[in-house]
Amino acid sequence: MKRLFVMVIALTVLMLVGCGKEQGTFTFLPENPQQGQEVVVKYHPKGTPLESAKTVEMLAYQFFGPEMPTVINAAMEKKEGKWTATFTPADSATLVAVNFRSGETVDNNDRQGYFIKLYDDEGNVAAGANGSLAYIFYTGAYPLDIKTDRPRALRLLNEEFAAHPGLKEKLFSLYLDLIVRTDRENGKEKVKAILDSIEALPEISLKQKELLASWYNRVGEQEKSDKYYQEVIKADPTGTFAEMRQFKEFRAYQDVNKKIAFYKNYSKNFPKGRYTDYISSVILRDLAQKKQFDVAENFISNIVLEPTATMYNSLAWDMVEEGINLNSAAQIAKKGVELARKQLDAPISEKPSYLTEAEWRERLKTPLGNILDTYGYALYKLGKKQEALPVFEEAVKIMDRKSGDVNQRYVQTLLETGNSEQALNFMKELIPAGLGFPGIEEKFKQAYAAVKGSDEDAGELLAKLQKKGKEKLFSDLKKEMIDTPAPDFTLVDMEGKDISLKDLRGKIIITDFWATWCGPCKASFPGMQKAVDKFKDDPDVEFLFINTWERGENVKENVAKFVKDHGYNFHVLFDLKSEVVSAFGVEGIPTKFVIDKKGKIRFKSVGFGGDEQKLVDELSLMIEMLK
């Protein structure tokens, strides 16, 4: 697809940051829309991922500063090959970022973004617009998924400060962070000089003391940081810094009873504390490891201020997997199901501003789907398979058949309750949709034989269905293909050898950025080990597990121990200075990149959906597509 630079079009403005699309892809009126003024957006999808879309939805994300946006969504109407919609930004919005979506396919200008700067009553760019844009290019602005560009973000902040000096305090922490991240060699010294100039002021405000407390710590001036921490906490004993100090105390505790006592005190001091969910999850994990399930249930039911279905699910699942107190586990899971249904109708938290109402409703369903699966599994293990069947069926429906584990348990229960034809028909839907699970071939043949009296022709039908599934996955992956040069790097591996990406040219490289503290990273590793084993004898394929953003001391020793303890034969490299993860523009881990033989990034995958087999199948097909 042809790419052009930013252009101005008569009566419309094509404000594409970075590299723009074909002329006219995204236009809007008026040319300089004011805050609170209706805006007409036109979208011409030729050459975009939505070129053949039957319906298109516009998502207009309003930014008010360096914070999460507020979304406005609108169905678009097609006229003369262009999609049109209108929206009215809030009076205080400074910038709008627009995504176009059809189903699960999104066009965000190849991660460069479609942006509309708003103007004030005097016809000037609204105060804070460049600051909002700087925030977007610094963070990637979830859920917009914009490619980060920190040098550009710093330039935008400098423009903002020049035009509106009064915004400097609001954006100052972001400004300091960008100085450090864009100047690895001298950034900390520059920030230290700025901090020293603030400290030298005749009077220092509470906000400035908070800045000094945070940033002196980051530049290695611990004594000064501690001094301002104490002053801030004394001035605001129930504020953010006081809460952070308490949380730091919690992380030092080893005894679970002390952690429970801490939770009681913490939740009393900070009823809406930002660390509440994390603390409760750590306590439940510790109690589960000690098999103190009765204590865990009491903690959820009688100590936690606002129990969630996820908490009950965490406890019940551990019990079911261990096969401990299954009757009690079933009751706990049932209680979680009831709570999940209640919280689906009356959420205990507010809808995040960046989610549409439909997205929020879908997110609220996830805890219900998870706890239904756990409840069904408990009933299954208790031998109550007929009771488990409708529970699994509801879980499958809520999860839209996308959880391989739940699909597998549902099929197994159907087969064991004499519902072989239903199981066969369900798998006939799953396989061509690319939604299999480990062992689905054997289950398919088993169900086929039960229905037809023999599995003689099962293999032929299965092969046809699998071919369709592979074609579907191939088509989906083809839409996700990218073509950008991979940043070169040289890192040390666990054997002390220098590994250079340039030296691996001619191979297909899978890089996996991870850390030992990252739950989704660790959850994905059994699947990644299967992928490594599958390609271990292929000289054209190389897996590199790049450890980054690691915490604490003795990183190399701790990582090596983690890998050894879990029996993984991963080729681990150390990104100790977090330079490579930044060069690749990673915003969260795990993030995987598949690099072709010419050194081009062709696929990017963020996070882990929980399905090991799907992970292996997708990576395998990506590798096959690049051979």
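What follows deals with the packing of aromatic side chains. Two measures describe an aromatic ring pair: the distance that separates the ring centres and the angle between the ring planes. What the rule picks out here adds up to 38 aromatic pairs. Aromatic pair Phe525 and Phe570: ring centres 5.1 Å apart, planes at 75°, arrangement edge-to-face. Taken as a pair, Phe525 in helix 19 (residues 519-534) and Phe570 in the loop between helix 20 (555-565) and strand 17 (572-575) lie far apart in primary sequence, 45 residues in all. Like Phe570, Phe525 is buried. Taken together, the ring pairs connect Phe247, Phe250, Tyr253, Phe262, Tyr266, Phe270, Tyr275 and Tyr278 into an aromatic cluster. For the cation-ring pair, Arg152 lies above Phe137, with the distance from its terminal atom to the ring centre recorded as 5.7 Å.

Before going further, it helps to spend a moment on the environment of Pro307. As for its position among the elements, Pro307 is in the loop between helix 10 (293-303) and helix 11 (309-322). Distance in space between the C-alpha atoms of Pro307 and Asp277 is 9.7 Å, their sequence separation being 30 residues. Not counting residues within four places of it along the chain, the set of residues in contact with Pro307 comprises Ile300, Tyr312, Leu339, Gln343 and Ile348.

Taken as a whole and assessed by the stated rule, the structure comprises 36 salt bridges. Its salt-bridge partner being Asp565, residue Lys561 comes within 2.7 Å of it at the nearest N-O pair. Separated by four residues within a single helix, Lys561 and Asp565 lie in helix 20, roughly one turn from each other. Relative accessible area serves as the criterion here: at 52%, Lys561 is assigned to the exposed category.

Going through the model one piece at a time under the given rule, you end up with one disulfide. Covalent S-S linkage joins Cys518 and Cys521, the inter-sulfur distance amounting to 2.3 Å. Measuring the twist about the S-S bond at about 80°, one finds the Cys518-Cys521 disulfide to be right-handed. Note on Cys521: relative accessible area 0%, which makes it buried.

Quick look at the sheet that holds strand 7 (residues 77-79) now. Read across the open sheet, the four strands follow the order 3-4-8-7; overall the sheet is antiparallel. Each edge of the open sheet is held by one strand with a lone partner, namely strand 3 (26-29) and strand 7. The mean inter-strand angle of the sheet, taken between neighbouring strand axes irrespective of direction, is 30°. Here strand 7 runs beside strand 8 (residues 82-87); their pairing, made up of three bridges, is antiparallel. Paired with Lys78 across the two strands is Trp83, which belongs to strand 8.

Right, let's talk about the packing of helix 1 (residues 129-139) against helix 3 (residues 168-182) for a bit. The interhelical angle for the contact between helix 1 and helix 3, taken along N-to-C directions, is 45°, at an axis separation of 11 Å. In terms of orientation, helix 1 and helix 3 fall into the oblique class. Crossing hand, helix 1 versus helix 3: left-handed. Mapping the contact onto sequence places Gly131, Tyr135 and Tyr138 in helix 1 and Leu171, Leu174, Asp177, Leu178 and Arg181 in helix 3. For the contact of helix 1 with helix 3, a count of residues per class yields five nonpolar, one polar and two charged.

Cut-offs applied
Residues numbered from 1 in each chain as written. Predicted model: local features only at pLDDT ≥ 70, side-chain atom pairs only at ≥ 80, totals over all residues. Heavy atoms only, no water. Phe/Tyr/Trp six-rings, centres within 6.5 Å; stacked < 30°, edge-to-face > 60°. Helix = DSSP H or I, 4+ residues; strand = E, 2+ residues; numbered from the N terminus. Buried < 20%, exposed > 50% of the residue type's maximum accessible area, 1.4 Å probe, protein only. Lys NZ or Arg CZ within 6 Å of the ring centre and 35° of its normal. Contact = heavy atoms within 4.5 Å. Salt bridge = Lys/Arg side-chain N within 4 Å of Asp/Glu carboxyl O. Disulfide = S-S within 2.5 Å. Pairing = 2+ DSSP bridges. Axes fitted to C-alpha atoms, helices over the stretch in contact; angles between N-to-C directions. Parallel < 35°, antiparallel > 145°, perpendicular 65-115°, else oblique. Left-handed = near helix turned anticlockwise from the far one by under 90°. Nonpolar A, V, L, I, M, F, W, Y, C, P; charged D, E, K, R; others polar.

Nothing here speaks to function; it is all geometry.
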